[in-house]
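Summary of the model geometry
Residue strings, one per chain:
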Amino acid sequence: MSDNSNVARPYAKAVFELARDAGDFSGWSDQLAFLSMLSKDAGMIEAVQNPAVSKQQVIDLILDLGKDQLSSEGQNVVKLLIKNDRLAATADIAQQFLVLRDEAEQVIEAQLITAAKVNKTQMKSIETALSKRLGKKVKLEAMVDESLIGGAIVRAGDWVVDGSVKTQLQELVGAVSA
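Predicted model, so just to flag it, every value in this text is computed and none were measured.

The element strand E1 (residues 107–114) is extensively covered by neighbouring structure, given that six of its eight residues are classed as buried. Taken together, E1, helix H7 (residues 120–134) and strand E2 (residues 137–144) constitute a β-α-β crossover, and its handedness is right-handed. By the bridge criterion, five bridges tie E1 to strand E3 (residues 152–156) in an arrangement that is antiparallel. Paired with Ile113 across the bridge in E3 is Ile153.

Within the largest apolar cluster, 15 residues are counted, with the highest numbers of intra-cluster contacts made by Val15, Trp28, Leu32, Ile93 and Phe97. Only helix H1 (5–22), helix H2 (25–40), helix H5 (72–83) and helix H6 (90–104) provide two or more residues apiece to this core. Element by element, the count of residues in this core is highest for H1, at six residues. Contacts of Phe97, omitting those with residues within four sequence positions, involve Ala12, Val15, Phe16, Ala19, Phe25, Trp28, Ser29 and Leu32. Core analysis: the second largest hydrophobic core is formed by twelve residues, Val58, Ile62, Leu70 and Val78 among them.

Within the secondary structure, Ser5 is located in helix H1. According to the relative accessible area criterion, Ser5 is buried, its value standing at 17%. Beyond its immediate chain neighbours, meaning those up to four positions away, Ser5 contacts Asp92 and Gln96.

What counts and how
- Residues numbered from 1 in each chain as written.
- Predicted model: local features only at pLDDT ≥ 70, side-chain atom pairs only at ≥ 80, totals over all residues.
- Heavy atoms only, no water.
- Buried < 20%, exposed > 50% of the residue type's maximum accessible area, 1.4 Å probe, protein only.
- Helix = DSSP H or I, 4+ residues; strand = E, 2+ residues; numbered from the N terminus.
- Right-handed = clockwise from strand over helix to strand, strands pointing away.
- Pairing = 2+ DSSP bridges.
- Core = buried A, V, L, I, M, F, W, Y, C linked by side-chain atoms within 4.5 Å.
- Contact = heavy atoms within 4.5 Å.

See the structure below:
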């Protein structure tokens, strides 16, 4: 996260509470993703930093651009962010919101790193096993790292299982040379 993570925390928590109360985590995720994208746009950054452009003009621009993406509460968040000079923190707000959402929904993101591509059936089986093991719904992301030679590495939060051939060979070499 960037330098805005401390600034983002109270905003993310407030948006999370709005989403939880409304039962609309998905809608708020979409709105924050839209605002995050806008906050990174070079033209938007230039407008926000231009002293000749008022805060109200920036608000009007964002609300016009987001007329189909932003709820009335989302529009209020935009107004608050602009008035407090916090548009640059939007990406961090979105990221922290997703963390809070995942905690509330008992979801954990996990990575599966393998030497070769894993098919959908294998992914589903691994996801199910991880969900059972961790007691949470698992969002599994697969990556290929051919340097592993074979086997896999699984990471979920602080939990890591390294069953790669590469690591096993390194441990074997370490044991033989010791």
